[in-house]
Amino acid sequence: MGKSSLLILPGDGIGPEVMVEVRKIIDWFGSNLGLDFDVTEDLVGGAAYDAHSTPLHDETMAKALNVDAVLLGAVGGPKYDNLDFNLKPERGLLRLRKEMDLYSNLRPAQCFDALADFSSLKTEVVSGLDIMIVRELTSGIYFGEPRGIVTEGKERVGINTQRYKESEIERVARSAFELAKRRGNKVCSMEKANVMESGVLWRETVDKVHQAEYSDVELSHMYADAGAMQLCRWPKQFDVIVTDNLFGDILSDTAAMLTGSLGMLPSASLGAPMENGRPKALYEPVHGSAPDIAGQGKANPIACILSFAMALRYSFDEGVEADRLEQSIENVLSKGARTHDLLGEEGITPLSTSEMGDAIVEALAESV
Ligand code: NAD
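The structure reproduced in this document is the subject of the present report. (Residues numbered from 1 in each chain as written. Predicted model: local features only at pLDDT ≥ 70, side-chain atom pairs only at ≥ 80, totals over all residues. Heavy atoms only, no water.)

**Here we look at the sheet that holds strand E2 (residues 37-41)**
- Taken together, the ten strands give an open sheet; going across it, the order is E2-E1-E3-E12-E11-E4-E5-E10-E8-E9, and neighbouring strands pair in mixed fashion. Bordering the open sheet on either side are E2 and strand E9 (218-223), each of which pairs with just one other strand. Looking at each pair of strands side by side, their axes are set apart by 20 degrees on average, direction ignored.
- Examined bridge by bridge, strand E4 (residues 104-110) and strand E5 (residues 130-136) share seven bridges and lie antiparallel to one another. By the bridge assignment for E5, Pro108 is matched with Met132.
- The sheet contacts of helix H9 (residues 245-257) involve E4, E5, strand E8 (186-191) and strand E10 (240-243), and relative to E5 the element is tilted by about 155 degrees. (Pairing = 2+ DSSP bridges. Helix = DSSP H or I, 4+ residues; strand = E, 2+ residues; numbered from the N terminus. Axes fitted to C-alpha atoms, helices over the stretch in contact; angles between N-to-C directions. Contact = heavy atoms within 4.5 Å.)

Put into structure tokens, the structure is as follows:
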């Protein structure tokens, strides 16, 4: 196999600032461990609109479909708020997700020990936490027909439809089982089979995929409301959670906040395997373009760097190097390094975006 290819789309606001720090990490892996990527960079969002009058140029879309992974910073900003709906920066991101058919959204909730105090839960509940929520991203109630607001007699009725095909459940279930095999080998599937037929089909289909292809992975089922309670009571009981679009939206935000700041949260969206066996993949921090701090060197680059760590693990089969990168971040934080979003105690001078990137590169250098 040739060099792994990576398309970098820094985007807007703090996107380009945090991406500079990711480039330092990529360069370090290339120079020190011979991990060479064929990296190309292009525009998305407002930056693409400024250059091409569209939030995603067709050529950029074509590139995204032909690389092993895409890494995106963030899109959006007040400058673009009054554009037509189809020209808004977010449309660029949505087009990428749609045309790459990214049906499996991975949102890890990982608590770095040094930041355990940041959680609203007790330290012992979150310390060492490492779970993964897999949310179905392209179907379910956000897309089902019929939908709309209609008038029935004297009043209006709002309608959305939860609809899942077996094939849609099967593919996201496979994605969750495959992930579990690289982690703690446990999947918990969440739905509301007690009150929803789509939940009954979800449960039966996950069971069918499990029995046929993944009987070596431990599988359990939980109603999504009970799952929400368990996530707040004792989240460490979970390894991988797989759930539908709506429940996943809520459960992944709940789980993410167990661990503290938006500046620390990575994500991945995966699609079907390509010819080389790797899934189509888009990696991005959960945060947006943060116009309130853009251009001030205040952005925390860790969410974007952790998104690259996910790319190492899930697109490039470099799990050991992903561990190295995550451990280096843990080491930096445990020495007390903080960007301004992570300041809790008094008396700590925050690192700038670029100082945090340099500190992580130094920690990487100490790891070999
Ligand atoms: P945001 O995530 O950009 O910012 C929310 C708050 O968190 C802000 O106070 C910001 O300063 C802080 N923050 C976010 N990331 C940080 C980081 N890495 N380090 C330090 N602090 C950080 O959300 P918002 O303010 O609601 O949206 C701003 C713009 O971003 C909007 O145009 C919105 O549409 C867009 N947005 C884009 C994405 C994306 O690209 N995936 C996601 C969410 C919002």
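Next comes the rest of the account.
**A look at the pattern of salt bridges**
- Under the criterion given, the structure shown has 24 salt bridges.
- The partner of Arg107 in a salt bridge is Asp253, and the shortest N-O contact between them spans 2.9 Å. Here the residue Arg107 occupies a position in strand E4, and Asp253 occupies one in helix H9, the gap between them amounting to 146 residues.
- Note that Arg324 is salt-bridged to Glu321, the shortest N-O span being 2.5 Å. Here the residue Arg324 and the residue Glu321 both occupy positions in helix H11 (residues 319-334), the gap between them amounting to three residues, near one helical turn. The residues Arg324 and Glu321 share a single accessibility class, namely buried.
- Connected via shared salt-bridge partners are Glu21, Lys24 and Asp358. (Salt bridge = Lys/Arg side-chain N within 4 Å of Asp/Glu carboxyl O. Buried < 20%, exposed > 50% of the residue type's maximum accessible area, 1.4 Å probe, protein only.)

By themselves, these figures tell us nothing about what the structure is for.
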